[in-house]
Amino acid sequence: MTESAVANDWASMTVAELEDAVKRHNRLYWVDNDPQISDPEFDRLVEALRTKKPDSPVLAAIGPVGAGVDLSEHLQGEQQVPHDPPMLSLDKCYDEETLLKWFEKFEGTAVASPKIDGVAVSLRYDADGRLFVAATRGTGRVGELITGNVMRIENVPRTIDTHDIEVRGEAYMPLSVFEERFKEEYSSPRNLTAGALKLKNPQETAGYGVRFFAYDVLGVAFDTEADKMTWLEELGFDTVDWREVDKPKLQHTFDEIDASRRARDYEMDGVVYRANSCEEQRRMGHTAHHPRYSIAYKFQGDSGESVLREVHWNVSRTGAINPVGIVDPVELSGAVVTRVSLHNLAIMEAVAGEEGLTLNSRVLMMRRGGVIPHMEKVLERGDELVEIPSECPGCGADTYRDNDVLCADHSADCRNARLRQLEHFASAMEIKGIGPKLLEQLHDAELVTDPSDFFTLSLEELTSLERVGEKLARKLLDRIKERRTVRVDVFLRALGIDELGRHVAELLAEEFGSLDEILNVDAEALVEIPTIGEIIAEKVTEGFEKHAAVIASLRDHLDIVFPEPAPDPAEIDSPVAGKSFLFTGALESMSRKDAQGRVRELGGDTPSSVTKTLDFLVMGDADIERFEGGWRSSKLKKAEKYNNDGSSIAIIGESAFLELLDSDE
Ligand SMILES: NC(=O)c1ccc[n+]([C@@H]2O[C@H](COP(=O)([O-])OP(=O)(O)OC[C@H]3O[C@@H](n4cnc5c(N)ncnc54)[C@H](O)[C@@H]3O)[C@@H](O)[C@H]2O)c1
Ligand SMILES: [Zn+2]
């Protein structure tokens, strides 16, 4: 029911109309940089045309080349990087039948990997194995030079143990980074990645935490795609999460990757399959639009219709007042959504169109990339114009517009701004069990009005609140007490200062020896730290000034410590200290990141790829069972290969890992 209302638009059109629409939207997207429909909707439009006229020449001309993008208008000659062979699009399919048909066209197995919703990047390494050119995909034939920016992507190797090759892959912003720092004001991790890669001051790219997954290499011949990926990993690249699949596993792999979406730290919009045999790849070749040996099987069911009932105005921790839509419940990618961030004024206006957003509008809701819900577009206008508040809902201060964002100079007792700040503090300090409801109670009873108040709470005060019994109160007090000793970077981030996210906090902790030094630093000195730009430096120093009183009272209650230099493994008798652990796949009891944190706390090491000296390769218990049943991921294969050559990498499940941790504590 939900999808048809949109798809029907296209289904009722003639071939000529469809061809015109495809050409128009392709141009709007690639040339004018002003897409007017969402990507999934564009894909449906293309499918509608493909169904009616599979050999339409317009189908072969989708993408930047077909749209006639000419980079020479924008770029100087030296900024243009030719791609040979061009960086093409992918052929698409939406059902198993089409996938099977594609599979019949070649001999051997396929290699499948998630289709990452990021930005394609080409990396070139010179005769000494040094990264010397990085470029965007651009028109597909000519890209834009972004070497300085790419140098700031942490997991892109600067030098490799071979020479004269080109590596292609996808740059993306981890969802954890997006959600922590950007989700309030930006709508898409992908667009932010593209922006971060083109920043004029490449140093600032580092602050965006962009990462890179390799999926292809030119300049070396391989027998199989699997060999290619393994080789890339040995060179030190993080590769897309690939696996070799045979015919019976084609659909199964798609379902499995689809089901794993929420456990992954990136958005994706389908599964890419490639013929495993490189000889077959050469035989099949490519069209002007896409290689024939590859196909993208795209996810569906991410969209649905709903009705916008209300717009709430939320004061963010930085003071911006952002719209949040309340919609009738709608199921998207398996989860029911009732609230959707409209991000900021500009994004809300873009969705609504010129006449403004109205309540009771019929809207298309979507999880682009499967994770973050968006209101994609208004399908039918409602009856009541959404008013932009002239006053802050928390303190009544006048609002004003600052570029894309609604702002106010909140008074010191703005309830909403405070609640948001306290919420951020509790979550950054990892004080578990303090949700928004309890916070409101604490705040409204004037028990906690600034962050330091958490540390003076008493049992009587807590139990005086509705629905807080003695048992819960004691538990909360214990948790708060546990967090009295806190690492300086965690403390700094918890202050909720604009631009002082995890990355900057860690830099400050590394760079300085005491909290006083950090708090008294001036903007000029901060800019000296690589990856901190002028804007960050100013916001951070301003923030320290503004929060001086809160910081002072927090210091009375907290024991703020600097990260200890890693303990000397020789001195600790422990199964974890001095050992290296690599986690792969999803764990049940904690995220991979938390698992790495635990290992490092205990003095262990967490390398990012399988090496000869790795001690433990850890995976979920379900994966261990699959492993025992014969299944092999690329990491497993590599570990086994090293073990055959004399390494002793223990391959263990999560339960065994937890036992190791326990025996250490
Ligand atoms: N909204 C609109 O009006 C409109 C108009 C035109 C195009 N579009 C959108 O533009 C998008 C881009 O189209 P396209 O032709 O550039 O890209 P595509 O969808 O054909 O995908 C090709 C890209 O996938 C990337 N990729 C990610 N993971 C990969 C993996 N594991 N293996 C191999 N490649 C991987 C590659 O970088 C490659 O550049 C499409 O999603 C389309 O919907 C939208
Ligand atoms: Zn306010």
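Here, every reference points to the structure presented above.
Residues numbered from 1 in each chain as written. Chains lettered and ligands numbered in written order. Predicted model: local features only at pLDDT ≥ 70, side-chain atom pairs only at ≥ 80, totals over all residues. Heavy atoms only, no water.

## A closer look at the coordination of the zinc ion (ligand 2)
Note on metal geometry: ideal angles are 109.5 degrees for four donors arranged tetrahedrally and 90 or 180 degrees for six donors arranged octahedrally. Protein-derived coordination of the zinc ion (ligand 2) comes from C392 (SG), C395 (SG), H410 (ND1) and C414 (SG), at a distance range of 2.1 to 2.4 Å. We note that the donor set of the zinc ion (ligand 2) lies within a single chain, spaced as C-x2-C-x14-H-x3-C. Taken as a pair, C395 in the loop between strand 18 (384–385) and strand 19 (399–402) and C414 in the loop between strand 20 (405–408) and helix 13 (415–428) lie far apart in primary sequence, 19 residues in all. Its relative accessible area of 24% is what places C395 among the partly exposed residues. Taking the relative accessible area as the measure of exposure, C414 reaches 1% and is therefore buried. (Donors = N, O, S within 2.8 Å, 3.2 Å for Na, K, Ca; no water. Helix = DSSP H or I, 4+ residues; strand = E, 2+ residues; numbered from the N terminus. Buried < 20%, exposed > 50% of the residue type's maximum accessible area, 1.4 Å probe, protein only.)

## As for the sheet that holds strand 23 (residues 581–584)
Paired through backbone hydrogen bonds, the strands of a sheet run either parallel or antiparallel to each other. Pairing is parallel in the open sheet, where 3 strands are placed in the order 23-24-25. Two strands lie at the open edges of the sheet, namely strand 23 and strand 25 (650–653), each paired on one side alone. Shown here is a sheet whose adjacent strand axes are inclined to one another by a mean of 25 degrees, direction ignored. Where strand 24 (residues 616–619) lies against strand 25, 4 bridges are found, and the strand directions are parallel. Directly across from M619, in strand 25, lies its bridge partner G653. Packing against the sheet, helix 25 (residues 634–644) makes contact with strand 23, strand 24 and strand 25, and its axis sits at approximately 155 degrees to strand 24. (Pairing = 2+ DSSP bridges. Axes fitted to C-alpha atoms, helices over the stretch in contact; angles between N-to-C directions. Contact = heavy atoms within 4.5 Å.)

## Overview of the layout of surface pockets
Taken as a whole, the second largest pocket encloses approximately 280 Å³ of empty space. E244, V245, K249, R626 and W631 are the residues nearest the centre of the second largest pocket, which is lined by 13 residues in total. Here the lining of the second largest pocket is composed, by residue class, of 2 nonpolar, 3 polar and 8 charged. Inspection of the lining of the second largest pocket shows a minimum of three residues originating in each of domain 2 (91–298) and domain 5 (581–662). (1 Å grid on protein atoms, 1.4 Å probe; cavity = no way out; pocket = protein on both sides within 12 Å on 5 of 7 lines; lining within 4 Å. Points joined across faces, edges and corners; volume = space filled by probe spheres on them. Nonpolar A, V, L, I, M, F, W, Y, C, P; charged D, E, K, R; others polar. Domains from an automatic or database assignment.)

## Details of the sheet that holds strand 8 (residues 211–218)
Spatially, 4 strands are ordered 5-4-7-8 in an open sheet, and the strand pairing comes out antiparallel. The open sheet has two edge strands with one neighbour each: strand 5 (131–136) and strand 8. Between one strand and the next, the sheet's axes are offset by a mean angle of 30 degrees, whatever the strand orientation. For strand 7 (residues 165–172) and strand 8, the ladder comprises 7 bridges, and the chain directions are antiparallel. Residue pairing in the sheet places V167 in a bridge with V217 of strand 8. The strands touched by helix 8 (residues 189–197) are strand 4 (119–125) and strand 7; relative to strand 4, the strand with the most contacts, the crossing angle is about 35 degrees. Docked against the sheet, helix 9 (residues 225–235) engages strand 7 and strand 8, running at close to 130 degrees with respect to strand 8.

## Considerations on helix 9
Of all the positions in helix 9, only E225, A226, K228, M229, L232, E233 and L235 are classed as buried. Positive phi appears at G236, one or two residues downstream of helix 9, with a value of about 110 degrees.

## Describing the site of ligand 1
The full set close to ligand 1 counts 24 residues, and I37, S89, R137, E170 and Y215 are the nearest of them. Between ligand 1 and the protein, one listed contact pairs an oxygen atom with a side-chain N or O atom of D43 at 2.8 Å. Interatomic distance of 2.3 Å between a side-chain N/O atom of E170 and an oxygen atom of ligand 1. Protein contacts shield 94% of the accessible area of ligand 1, which totals 840 Å² for the unbound molecule. Listing elements by their share of the shell around ligand 1, those giving two or more residues are helix 2 (15–30), helix 3 (39–52) and strand 3 (110–116). Partitioning the shell around ligand 1 into residue classes produces 12 nonpolar, 5 polar and 7 charged. The residue makeup of the shell around ligand 1 includes at least three contributed by each of domain 1 (10–69) and domain 2 (91–298). (Near = heavy atom within 4 Å. Polar contact = N/O pair within 3.5 Å; in protein donor to acceptor, adjacent residues only side chain to side chain. Areas by Shrake-Rupley, 256 points an atom, 1.4 Å probe, with all protein chains shown as cover.)

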